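Here's the letter readout for the chains.
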Amino acid sequence: MRMLRPWISNLLIACSLLGCNPTEKKEVAGQDYDLENPDKFNMPESLFEISGITLLDGKSDTIYAVQDEEGKVFRLAWDIGKQVHTKFSKKGDYEDLAILNSEVFVLKSNGVLFSYPLSESAFEEAENVTELKHVLPKGEYEGMYADPASGDLYVICKNCPAGDPKASVTGYIFNPKKDSLEAPRTFNVQVDEIKAITGKVSRGFRPSGLAKNPVTGEWYIISSVNKLLVVTDANWKVKKAFPLNGNLFIQPEGIAFDKSGSLYISNEGDDLFSGNILKFKRLKR
């Protein structure tokens, strides 16, 4: 112990001169979440390819999830592997889900939407399923969000023929109760604004999920292809962009918030890891 004391003393002196603190956690300026230190919930085998998640009214007791091959919506409690599901359609490429006005909406990658009453989540198979075609232009879609305040659904394009992912990303807004489903409103995220913060979008930005932070009102857009989390203001102007650690975010495709502001990001599994959901508590300021 005596032999170590001079070395420890010198280290502390050096730290004092340099202004370092060995116990201090490094944070990125403007970051509301420590994206390197989540609580992790490994998925059961049935959700190895989890592709979208949502919460009902921001309640964290039940997570609703969809995986991208089976036409089923799964329900889980945090950190409990047992799950139940409701079948709503045949096998397909399903990317995200949302709950709005007591209705479950599921997004297929080609832009087709399925909906059924939330009350039918108590059964293994939903009976009153509606299929909404031709609501969205042709393209590839992976992210959807339901805004309970406005009653609107937001869907963001991953790869649409009408757009250029190197210039901007287009999203669509419609209200299933009020709007003509043939003419959704649009919003755009400018890629140059992301590029000004990070260079990880030289080949374009391809979102895989979006959600609104209930505490700040900001939009959080995740991209599995770019391994990037982009934050915009309420008008879609980019404010922040955070590269994601590929060892932690294997294939991030789903994103949601609970009402306290905790952030949830789901990852599909790969040859080495199971699918999972990562939970990040909001940092105290």
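Relevant structure appears above.
Residues numbered from 1 in each chain as written. Predicted model: local features only at pLDDT ≥ 70, side-chain atom pairs only at ≥ 80, totals over all residues. Heavy atoms only, no water.

Structurally, the position occupied by Asn 175 is in the loop between β12 (168–174) and β13 (185–190). Accessibility expressed as a relative area gives 5% for Asn 175, which makes it buried. Within polar-contact distance, the side chain of Asn 175 engages the backbone oxygen of Gly 151 at 3.2 Å. Within the structure, the side chain of Asn 175 is placed 3.4 Å from the side chain of Asp 152, a separation counted as a polar contact. (Helix = DSSP H or I, 4+ residues; strand = E, 2+ residues; numbered from the N terminus. Buried < 20%, exposed > 50% of the residue type's maximum accessible area, 1.4 Å probe, protein only. Polar contact = N/O pair within 3.5 Å; in protein donor to acceptor, adjacent residues only side chain to side chain.)

This paragraph deals with the sheet that holds strand β20 (residues 276–280). Taken in spatial order, the four strands make up an open sheet running β1-β20-β19-β18, and their pairing is antiparallel. Edge strands, defined here as strands with exactly one partner in the open sheet, are β1 (39–42) and β18 (252–257). Neighbour-to-neighbour, the strand axes of this sheet turn through a mean angle of 20 degrees, independent of strand direction. Where β1 and β20 come together, four bridges link them in antiparallel fashion. If you follow Lys 40 over to β20, its bridge partner there is Leu 278. (Pairing = 2+ DSSP bridges. Axes fitted to C-alpha atoms, helices over the stretch in contact; angles between N-to-C directions.)

Moving on: the state of the cysteines. Across all of its chains, the model carries one disulfide by this definition. Covalent S-S linkage joins Cys 157 and Cys 160, the inter-sulfur distance amounting to 1.4 Å. In this structure Cys 160 comes out as buried when scored by relative accessible area, which is 12%. (Disulfide = S-S within 2.5 Å.)

Here the focus is the side chain of Asn 267. With respect to the element layout, Asn 267 can be found in strand β19 (residues 263–267). From its side chain, Asn 267 meets the backbone nitrogen of Ile 250 in a polar contact 3.2 Å long. Contacts of Asn 267, omitting those with residues within four sequence positions, involve Ile 50, Leu 248, Phe 249, Ile 250, Gln 251, Pro 252, Gly 275, Asn 276 and Leu 278. (Contact = heavy atoms within 4.5 Å.)

Under the criterion given, the structure shown has ten salt bridges. Notably, a salt bridge pairs Glu 70 with Lys 72, separated by 3.1 Å at the nearest N-O pair. Relative accessible area serves as the criterion here: at 25%, Glu 70 is assigned to the partly exposed category. We note a salt bridge from Lys 158 to Glu 140, for which the minimum N-O separation is 3.6 Å. Remark: Glu 140 occurs in strand β10 (residues 140–147) and Lys 158 occurs in strand β11 (residues 152–159); sequence separation between them is 18 residues. Classification of Lys 158 as buried rests on a relative accessible area of 15%. The partly exposed category is assigned to Glu 140, whose relative accessible area is 29%. (Salt bridge = Lys/Arg side-chain N within 4 Å of Asp/Glu carboxyl O.)

The subject of this paragraph is the packing of aromatic side chains. The final tally for this structure, using the stated rule, is 18 aromatic pairs. A centroid spacing of 4.4 Å and a plane angle of 20 degrees characterise the contact between Trp 219 and Trp 236, whose relative ring orientation is stacked. A residue pair is termed long-range when its members are at least 10 positions apart, and Trp 219 in strand β15 (residues 219–223) and Trp 236 in the loop between β16 (228–232) and β17 (238–243) qualify at 17 residues. Accessibility assignment for this pair places Trp 219 and Trp 236 in one class, buried. Among the aromatic residues, those joined into a ring-pair cluster are Tyr 145, Tyr 154, Phe 187, Trp 219 and Trp 236. A cation over an aromatic ring shows up here: Lys 279 above the ring of Trp 78, its NZ or CZ 5.9 Å from the ring centre. (Phe/Tyr/Trp six-rings, centres within 6.5 Å; stacked < 30°, edge-to-face > 60°. Lys NZ or Arg CZ within 6 Å of the ring centre and 35° of its normal.)

In short, shape yes, function no, at least from these values alone.
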